[in-house]
Amino acid sequence: MAFWCQRDSYAREFTTTVVSCCPAELQTEGSNGKKEVLSGFQVVLEDTVLFPEGGGQPDDRGTINDISVLRVTRRGEQADHFTQTPLDPGSQVLVRVDWERRFDHMQQHSGQHLITAVADHLFKLKTTSWELGRFRSAIELDTPSMTAEQVAAIEQSVNEKIRDRLPVNVRELSLDDPEVEQVSGRGLPDDHAGPIRVVNIEGVDSNMCCGTHVSNLSDLQNNLNLLRDLAVHIAHSLRNSPDWGGVVILHRKEGDSEFMNIIANEIGSEETLLFLTVGDEKGGGLFLLAGPPASVETLGPRVAEVLEGKGAGKKGRFQGKATKMSRRMEAQALLQDYISTQSAKE
């Protein structure tokens, strides 16, 4: 079946009836990292506003009559809700969803569909797997590496479609509907029951999916989660570039400090100077210099001075604000001269 959370992803609460409540156990990871087993109850409802994990998307959190739901899983046509307090079968209950977690999942999942479709359309790169995480999603494409130009093209197309406010709609098809054969998907689980859900981004993508989604790409709000996912790809592209070494430079108009730090973290090199900047090339912005600690300690304040900004750093990383991003080329020349001088000394 399709649960209420799948029919209306924006529903935050729902009144339904308890079908059954049976003793159960839940294995969790404790604060010390060790596995713990919780005793409680598996509650089945007639319908639910809480999404059971599946299709790469984690389950929702929420409450049933203000009782916390610690896990939601799908079993055939029903959803099992784990609680530590029993609920009476036949009683009416109010189910509320943790909206912040739900909306984050909706944004990330729709963002994944969008990036996947654009990567396929522009470069025939298929998505082989994806994972929706607590802080960012990871999308794996069937290529060992991507160029910075490819990443930039995907980012530009994704942002254009978000700005175009393209609608996202969900349809339900019967298993014997001939249209099912025309819809992309990774197959149905063995215990699938009920209609097939098809998520469609107007003019961009049509895919079988059980997850929750936004109703319009504008709800992604040019979501920086997309930029963060792309930051990982940028880092790998830089690392695998034939120009790797010496001073590695990247400037992007869109981004933030976290975006630059993700790139630096993913690269993780202390052998090369990495100079990253974001912002308007004719105005102000942010910068990050990473690399050998001694070099960064020497060069960081000098880069800040050239960019007429200020910053601070430690342990091989210096970052700050710049008021004159137009002087970026001067900062690059400073770094390259430094590397050339060090190489000559060696």
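Everything discussed here concerns the structure shown above.
The structure presented is a predicted model; accordingly, all values stated were derived computationally and were not measured.

Caption draft 1: Molecular detail of the overall build of the protein chain. Of the regular secondary structure elements, the protein chain holds seven helices and 17 strands. Projected onto the principal axes, the alpha-carbon positions of the protein chain cover approximately 80 × 50 × 35 Å. The buried share of the protein chain, reckoned over its 346 residues, is 47%. Taking the intrachain contacts of the protein chain between residues at least 6 apart in sequence as the baseline, contacts between residues at least 24 apart amount to 66%. Just so you have it, the protein chain exposes about 17,600 Å², and 46% of that area is on carbon and sulfur atoms.

Caption draft 2: Region of interest: the pattern of salt bridges. As enumerated under the stated definition, the model contains 14 salt bridges in all. With its nearest N and O atoms 2.7 Å apart, the salt bridge here joins arginine 75 to aspartate 80. Relative accessible area serves as the criterion here: at 49%, arginine 75 is assigned to the partly exposed category. We classify aspartate 80 as buried; its relative accessible area is 5%. In this structure, aspartate 120 engages lysine 126 in a salt bridge whose closest nitrogen and oxygen atoms are separated by 3.0 Å.

Caption draft 3: The pairing of strand S1 (residues 13-29), seen in detail. Direction of pairing for S1 relative to strand S7 (residues 92-97): antiparallel, over a ladder of five bridges. When the bridges of S7 are listed, glutamate 13 appears paired with arginine 96. With 11 bridges connecting them, S1 and strand S2 (residues 35-45) associate as antiparallel partners. What sits directly across from glutamate 25, in S2, is serine 39.

Caption draft 4: Layout of the environment of threonine 16. With respect to the secondary-structure elements, threonine 16 resides in strand S1. Here the alpha-carbon distance between threonine 16 and valine 69, two residues 53 residues apart in the chain, equals 15 Å. Excluding anything up to four places from it in sequence, threonine 16 contacts Leu45, Glu46, Asp47, Ser91, Gln92, Val93 and Val95. Among the polar contacts made by the side chain of threonine 16, one reaches the main-chain amide nitrogen of aspartate 47 at a distance of 3.3 Å.

Caption draft 5: The arrangement of the sheet that holds strand S6 (residues 78-83) in detail. Read across the open sheet, the seven strands follow the order S4-S3-S7-S1-S2-S6-S5; overall the sheet is antiparallel. Edge positions in the open sheet fall to strand S4 (67-69) and strand S5 (71-75), since each of these has one partner strand only. The mean inter-strand angle of the sheet, taken between neighbouring strand axes irrespective of direction, is 35°.

Caption draft 6: Representation of the packing of aromatic side chains in the model. Within the structure shown, the criterion is met by four aromatic pairs. Ring geometry for tyrosine 10 against tryptophan 99: centres 6.1 Å apart, planes inclined by 40°, an arrangement best described as tilted. Of this pair, tyrosine 10 sits in the loop between helix H1 (4-7) and S1 while tryptophan 99 sits in helix H2 (residues 99-123), and the two are 89 residues apart along the sequence. On the basis of relative accessible area, tyrosine 10 is assigned to the partly exposed category, the value being 28%.

Caption draft 7: Local environment of the pairing of S7. The alternating pattern of S7 places Val93, Val95 and Val97 on a buried face and Gln92, Leu94 and Arg96 on a face that is not buried. As paired strands, strand S3 (residues 62-64) and S7 are joined by three bridges and run antiparallel to one another. By the bridge assignment, isoleucine 64 is partnered in S7 with valine 95.

Caption draft 8: Molecular detail of the packing of helix H6 (residues 293-306) against helix H7 (residues 328-345). Where H6 meets H7, the closest approach of the two axes is 9 Å, and the angle between their N-to-C directions is 155°. Classified by the angle their axes make, H6 and H7 are roughly antiparallel. Viewed along their axes, H6 and H7 form a crossing whose handedness is right-handed. Across the interface between the two elements, Ser295, Leu299, Arg302, Val303 and Val306 of H6 pack against Glu330, Ala331, Leu334, Leu335 and Tyr338 of H7. Here the contact of H6 with H7 is composed, by residue class, of seven nonpolar, one polar and two charged.

Caption draft 9: Representation of the sheet that holds strand S10 (residues 168-173) in the model. Read from one edge of the open sheet, three strands run S10-S11-S12, paired in antiparallel fashion. Of all strands in the sheet, those with a lone pairing partner are S10 and strand S12 (205-208), marking the two edges. In this sheet, neighbouring strand axes are inclined to one another by 20° on average, regardless of whether the strands run parallel or antiparallel. Pairing geometry for S10 and strand S11 (residues 196-201), over six bridges, is antiparallel. The partner of valine 170 across the bridge, within S11, is valine 199. Packing against the sheet, H2 makes contact with S11 and S12, and its axis sits at approximately 65° to S11.

Caption draft 10: Summary view of helix H5 (residues 257-267). Residues of H5 that are buried include every one of Phe259, Met260, Asn261, Ile262, Ile263, Ala264 and Ile267, and no others. Glycine 268 sits one or two residues past H5 and shows a positive phi near 55°.

Caption draft 11: Structural view of the nonpolar core. The biggest cluster of nonpolar side chains holds 64 residues, and the ones touching the most others in it are Ile64, Leu114, Ile154, Leu238, Ile263 and Leu274. Counting residues per element, this core draws most heavily on H2, which supplies seven residues. Non-local contacts of leucine 114, meaning those with residues more than four positions away in its chain, are made with Val158, Lys161, Ile162, Ile201, Val204, Leu217 and Leu220. Membership of the second largest hydrophobic core comes to 18 residues, among which are Val247, Phe275, Phe318 and Ala331.

What counts as what
- Residues numbered from 1 in each chain as written.
- Predicted model: local features only at pLDDT ≥ 70, side-chain atom pairs only at ≥ 80, totals over all residues.
- Heavy atoms only, no water.
- Helix = DSSP H or I, 4+ residues; strand = E, 2+ residues; numbered from the N terminus.
- Buried < 20%, exposed > 50% of the residue type's maximum accessible area, 1.4 Å probe, protein only.
- Contact = heavy atoms within 4.5 Å.
- Areas by Shrake-Rupley, 256 points an atom, 1.4 Å probe, with all protein chains shown as cover.
- Salt bridge = Lys/Arg side-chain N within 4 Å of Asp/Glu carboxyl O.
- Pairing = 2+ DSSP bridges.
- Polar contact = N/O pair within 3.5 Å; in protein donor to acceptor, adjacent residues only side chain to side chain.
- Axes fitted to C-alpha atoms, helices over the stretch in contact; angles between N-to-C directions.
- Phe/Tyr/Trp six-rings, centres within 6.5 Å; stacked < 30°, edge-to-face > 60°.
- Parallel < 35°, antiparallel > 145°, perpendicular 65-115°, else oblique.
- Left-handed = near helix turned anticlockwise from the far one by under 90°.
- Nonpolar A, V, L, I, M, F, W, Y, C, P; charged D, E, K, R; others polar.
- Core = buried A, V, L, I, M, F, W, Y, C linked by side-chain atoms within 4.5 Å.

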